[in-house]
Amino acid sequence: MCSSNQQQTLVVHWSFPDNGVVKFNTDASFKSVDLISGLGIILRDETGFCKGGKSITTWACSAEHAEGLAILSAVKWAQELGYKQVMFEGDSQSIMYYLNGKASGLGLGWRTKNLLDEGLSIAKHFLSCKFAFVNRAANQVADCLAKKACNGGESDVWISDPPSYIFDVLNRELYAVSSSMGPSQPSNI
């Protein structure tokens, strides 16, 4: 069962999910000239440990459509991996509002709405599921993966062993959240 955030807070850095929950941050990059898009998905646990990620090069008809593809890809991947308690974060406010039932979807393109509806249908099978909007500053790793995929990078999937080009961004995000939480919060890549 998916639930919305009870309070809308502006998150300006990546934050740890609740204990027992894995978090999928998603983002998309889009080139309108050739309709190429890159999708970025990063998976981390409650300690901030990077459990996997994807960068996917694909076709999309708009930036919004690409963001919808990224969310649906993350939801499908969570199901494939067998996770039961999940959280999905993205920096597209209109998409996250729709997923949380805060918007009717009238402003969304029909392709995007269909993707999101499919994601919601799959998400009903999780024990717990949350969708949350985050500021782009809290979504830097997914953004990096999406841009790499959009700008000529090959699609890539990994489990537990992230590519070296995201090490610095992963460390910056963990440092930001650890600094704001104090020294008692675990942090490891």
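Being a predicted model, the structure only gives us computed values, none of them experimental.

A. Layout of the packing of helix H1 (residues 63-81) against helix H3 (residues 110-123). Between H1 and H3, whose axes approach to 9 Å, the crossing angle comes to 15 degrees. Between H1 and H3, the angle is such that the two are roughly parallel. As for the relative orientation of H1 and H3, their crossing is left-handed in sense. Side by side, H1 and H3 meet where Glu64, His65, Gly68, Leu69, Ile71, Leu72, Val75, Lys76 and Gln79 of the first sit next to Arg111, Thr112, Leu115, Leu116, Glu118, Gly119, Ile122 and Ala123 of the second. By residue class, the composition of the contact of H1 with H3 is eight nonpolar, five polar and four charged.

B. Inspection of unusual backbone geometry at higher detail. At Leu35, a position not held by glycine, the phi torsion is positive, near 60 degrees. Its location among the elements puts Leu35 in the loop between strand S2 (22-31) and strand S3 (36-44). The residue Ser160 is not glycine, and still its phi comes out positive at about 65 degrees. Mapped onto the elements, Ser160 comes out in the loop between strand S7 (156-159) and helix H5 (167-181). By relative accessible area, which is 37% here, Ser160 ends up partly exposed.

C. How the structure looks around the nonpolar core. In this structure, Phe24, Ile71, Val86, Phe88, Phe126 and Phe131 are the most contacted members of the largest nonpolar core, which totals 32 residues. Contributions of two or more residues to this core are made by S2, S3, H1, strand S5 (85-90), helix H2 (93-99), H3 and strand S6 (128-133). Per element, the largest residue contribution to this core is nine residues, and it comes from H1. Core analysis: the next-biggest nonpolar cluster, separate from the first, contains nine residues, Val141, Ala142, Ile166 and Val169 among them.

D. How the structure looks around the side chain of Thr26. Along the chain, Thr26 falls in strand S2. For Thr26, a relative accessible area of 1% puts it in the buried group. Apart from residues no more than four positions distant in its own chain, Thr26 is found in contact with Gly40, Ile41, Ala70, Ile71, Ala74, Glu89, Gly90, Asp91, Asn139 and Ala142.

E. Region of the structure containing helix H4 (residues 140-150). Taken together, the buried positions of H4 are Val141, Ala142, Asp143, Leu145, Ala146, Ala149 and Cys150. Just past H4, the residue Gly152 takes up positive phi, approximately 95 degrees.

Calculation rules
- Residues numbered from 1 in each chain as written.
- Predicted model: local features only at pLDDT ≥ 70, side-chain atom pairs only at ≥ 80, totals over all residues.
- Heavy atoms only, no water.
- Axes fitted to C-alpha atoms, helices over the stretch in contact; angles between N-to-C directions.
- Helix = DSSP H or I, 4+ residues; strand = E, 2+ residues; numbered from the N terminus.
- Parallel < 35°, antiparallel > 145°, perpendicular 65-115°, else oblique.
- Left-handed = near helix turned anticlockwise from the far one by under 90°.
- Contact = heavy atoms within 4.5 Å.
- Nonpolar A, V, L, I, M, F, W, Y, C, P; charged D, E, K, R; others polar.
- Buried < 20%, exposed > 50% of the residue type's maximum accessible area, 1.4 Å probe, protein only.
- Core = buried A, V, L, I, M, F, W, Y, C linked by side-chain atoms within 4.5 Å.

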